[in-house]
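Listed below, chain by chain, are the residues.
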Amino acid sequence: MKLLSYRPDESVPDFDSAILISQHVDEHLCISGAVARCSLWWKTVPGMAGERLGMIGHFQAASPEAAAVVLDGAKQRLKEQGCTLAVGPMDGNTWRRYRVLTERGVEPPFFMEPDNPDWWTKAFTTAGFLPLASYSSSLVKDLKREDPRAGRALTRLQNQGVQIRQLNLSRFEEDLQKIYEVSVVSFPKNFLYTKISEEAFLSQYLPLRDKIHAELVFIAEDAGRPVGYVFATPDYTEAMRGETIHTVIGKTLAILPGRRYGGLGLVLTNLLHQKAAELGYSRLIHALQNEENQVQNMSGFFGEKMRRYVLFSFRFSP
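Bear in mind that the values here come from a model prediction, so they are computed numbers and not experimental data.

**Brief notes about the overall build of the protein chain**
Each helix and strand in the protein chain was counted, giving nine helices and 13 strands. A compact globule built from 318 residues would reach a C-alpha radius of gyration of about 20 Å, and the protein chain, at 21 Å, matches this within 12%. Seen along its three principal axes, the alpha-carbon backbone of the protein chain occupies a region of about 65 × 40 × 35 Å. Contacts in the protein chain between residues far apart in sequence, at least 24 positions, make up 72% of those at least 6 positions apart. Entry remark: accessible area of the protein chain is about 15100 Å², with carbon and sulfur atoms responsible for 51%.

**Some thoughts on the pairing of strand β12 (residues 283–290)**
In terms of residue burial, β12 counts as a mostly covered element, since seven of its eight residues are buried. Direction of pairing for strand β7 (residues 130–140) relative to β12: antiparallel, over a ladder of five bridges. Bridging across to β12, Ser 138 finds its partner in His 286. Relative to β12, strand β11 (residues 247–255) runs parallel, the two sharing four bridges. In the sheet register, Gly 250 faces β12, and the bridge partner there is His 286. The β-α-β motif built from β11, the intervening helix α8 (residues 264–278) and the parallel element β12 has right-handed crossover chirality.

**Describing the nonpolar core**
Counting 48 residues, the largest nonpolar core has Ile 179, Phe 201, Tyr 229, Tyr 261 and Leu 264 as the members making the most contacts within it. Elements with a minimum of two residues in this core: α4 (148–159), α5 (172–186), α6 (198–205), β9 (217–222), β10 (225–234), β11, α8 and α9 (295–302). Among the elements that line this core, the one with the most residues is α8, at seven residues. Non-local contacts of Tyr 261, meaning those with residues more than four positions away in its chain, are made with Leu 157, Val 162, Asp 222, Arg 225, Val 227, Ile 255 and Leu 256.

**Describing α9**
Every buried residue of α9 is listed here: Val 295, Gln 296, Met 298, Ser 299 and Phe 302. Looking straight down α9, one finds its buried side chains confined to an arc of 160°; they lie on one side. Summarising the geometry of α9, the exposed residues directed more than 90 degrees from the buried face are Asn 297 and Gly 300. Residues of α9 that are buried make contact with β7, β11, α8, β12 and β13 (304–315).

**Some remarks on the packing of α4 against α8**
Orientation of α4 relative to α8, taken along the N-to-C sense of each, is 115°, at an axis distance of 9 Å. As judged from the angle between their axes, α4 and α8 are roughly perpendicular. Relative to α8, α4 is oriented so that their crossing is left-handed. Of α8, the residues touching α4 (which contributes Arg 149, Ala 150, Ala 153, Leu 154 and Leu 157) are Leu 264, Leu 266, Val 267 and Asn 270. The residue inventory of the contact of α4 with α8, partitioned by class, reads seven nonpolar, one polar and one charged.

Quick notes on the rules
Residues numbered from 1 in each chain as written. Predicted model: local features only at pLDDT ≥ 70, side-chain atom pairs only at ≥ 80, totals over all residues. Heavy atoms only, no water. Helix = DSSP H or I, 4+ residues; strand = E, 2+ residues; numbered from the N terminus. Rg over C-alpha atoms; globule rule 2.2 N^0.38 Å. Contact = heavy atoms within 4.5 Å. Areas by Shrake-Rupley, 256 points an atom, 1.4 Å probe, with all protein chains shown as cover. Buried < 20%, exposed > 50% of the residue type's maximum accessible area, 1.4 Å probe, protein only. Pairing = 2+ DSSP bridges. Right-handed = clockwise from strand over helix to strand, strands pointing away. Core = buried A, V, L, I, M, F, W, Y, C linked by side-chain atoms within 4.5 Å. Arc of directions from axis to C-beta. Axes fitted to C-alpha atoms, helices over the stretch in contact; angles between N-to-C directions. Parallel < 35°, antiparallel > 145°, perpendicular 65-115°, else oblique. Left-handed = near helix turned anticlockwise from the far one by under 90°. Nonpolar A, V, L, I, M, F, W, Y, C, P; charged D, E, K, R; others polar.

Here it is in structure tokens:
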């Protein structure tokens, strides 16, 4: 199998080359016949103290043998660029697709969930990669279960002047800007966080307008200033399978830091569960959470883990 290298401005077989430019890819590797490929980033990458990261994303492979060739090539190129740690699969940063699904469980894939052949885990570990971070999705089957702390927290927040409303689709872009405003303050402490411009953020979410169910998105405001939100969507993959949609995907929860907004995450989660039940849904998935995140405690109270994922890394010897 011959491994080919492409610059971002070159035409790549069976791949939208415009993505390489828009996502600031530094190099794309592809085995002839497109049986495996990946993109590499080493210039514009997330930060990690004491490390120079190289990212391996857009990873695809038709077989373990092809995966081994493209992963070895990726490691060689990133080492040549002076990287100390290769991280993957991640399409450049955490705003895009990343992680390997490692423990599938019995539930079918859900909307916007990363999926991959089960042998991908072995492909990465055989190539010398080790787990860098672990993630999970939890399934809530009882949407009427309430944490008794939620009511007390809601009363305190309302007394402070915090108001919670649903997304306004007639002002969709303006509300997305509010969500962005909270995200860029709330997320910087997240693992491998990368700053994103408002323009880039909007370009990712504006095309999803027709998929947004406004009643499943709550925005908390304090004197008109956005201070938190929870973003959820129906599981459209159920409809694609010919089923009635009965599951909601809780995608993102973000709260501004500080004691003033303590408990707001629980309040928003509780409101989301209540609204989902009111709308006739019977299940909700807390999706793709870092296992080190405190929100895991809340997910553990409401539901049980249904799926696990891993982000891998390879350390280069000096």
